[in-house]
Amino acid sequence: MIVVSGLSMRNTQEEEPPDPQLVRLDNMLLAEGVAGPEKGGGAAAAVSAATSSGGMSPDSSLEHSDYKQKLSQIRTIYHTELEKYEQACAEFTTHVMNLLREQSRTRPVSPREIERMVAIIHRKFSSIQTQLKQSTCEAVMILRSRFLDARRKRRNFSKQATEVLNEYFYSHLSNPYPSEEAKEELAKQCGITVSQVSNWFGNKRIRYKKNISKFQEEANIYAMKTAMGATQREGSPHTPNSTGYPALQTDSIVPERAG
DNA sequence: ACGCATGATTGGGC
DNA sequence: GCCCAATCATGCGT
């Protein structure tokens, strides 16, 4: 582990309730691929973890490379600084040790005293490192929110995808709750993820029932479409019914309109 | 620039 | 774990 590799020789005595803040920072940096091994898929893993719900559109490679580039910048700075600190710490330690050695000619210097001095130095430097970690974490968080927050990268679904979803929605208007299998099928047809299908239906249901009149036209269009599909499949290619519109079922999502 | 449409997230209930 | 409701942040037409 990089963390205080050269420094943590023997700080097992006293001190150090393992600062939960520091642990959090370390974990975060590790998860983000900043503190990990040089070239592993750390960053990619972090990205996929961050987008677990929702999923990514297939064209996200551009944003990804941009994100990865910025992240590796942060990572480089982080490692450079960390190394600088470690080196400074090591230098300072040897410097102090030399001083003590010189002093040992004129007075007795116990190993215990040396250890204590070293521990003090290390604590000082590790607090600086904590600051570095903190600011690095902040930078990563900002980067993350700028690039990875899906809301910032929203793209509308394709016309065709919306078509498919709407077709299902309006043809199941009395119970617009697709099963898991149905969702998977729709996802495949639309080229989106299952969670995106779920999101879409969640949004659609709530927005439909919130303002039915606004969706009436759309409902008619899709109802007609599916009706035509059905009659065509049954082999009778003339108009569905006398009214021109198949009967719509605008019930069930909205239980009742109590005045 | 503004407003509405739309996909994603959050928080609360079951 | 899914749903609803509210909310966020962006897309897009004006």
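Sequence order as written defines residue numbering, which begins from 1 separately in each chain. Numbering of ligands from 1 and lettering of chains from A proceed in the order in which they are written. Given that the model is predicted, a residue must reach a pLDDT of at least 70 before its local features are reported, and side-chain atom pairs must reach 80 or more before they are shown or counted; all residues, however, enter totals for whole chains, interfaces and linings. Hydrogens are left out, water is left out, and the side-chain values use all remaining heavy atoms of the structure.

### Concerning the side chain of Thr93
Helix and strand definitions here come from DSSP, where helices need a minimum of 4 consecutive H or I residues and strands a minimum of 2 consecutive E residues; each element is numbered from the N-terminal end. In this fold, Thr93 is placed in helix H3 (residues 61–106). Once you skip the residues sitting within four places of it in the chain, Thr93 turns out to touch Val118, Ile121 and His122. Contact criterion: two residues are considered in contact whenever any of their non-hydrogen atoms come within 4.5 Å of each other.

### Describing the packing of aromatic side chains
What counts as a ring pair is set by centres within 6.5 Å for rings of Phe, Tyr and Trp (its six-membered ring), and what kind of pair is set by the plane angle: stacked under 30 degrees, edge-to-face over 60, tilted for all other angles. Here the structure, examined in full by the defined rule, presents 10 aromatic pairs. Judged by centre distance (6.4 Å) and plane angle (45°), the ring pair of Phe92 and Phe125 falls under tilted. Here the residue Phe92 occupies a position in helix H3, and Phe125 occupies one in helix H4 (residues 111–147), the gap between them amounting to 33 residues. Whether a residue is buried, partly exposed or exposed follows from its accessible area with a 1.4 Å probe, protein chains only, as a fraction of its type maximum: under 20%, in between, or over 50%, in that order. The class for Phe125 is buried, based on a relative accessible area of 15%.

### Observations regarding the confidence of the model for chain A
pLDDT is defined as a per-residue confidence score from the predictor, taking values between 0 and 100. Mean pLDDT over chain A stands at 76; residues scoring 70 or higher make up 68%. Below pLDDT 50 for its whole length, residues 1–14 participates in 19 contacts with residues either more than four positions away or in separate chains. Predicted confidence for residues 40–60 stays below pLDDT 50, and this span has 21 contacts to residues more than four positions away or in other chains.

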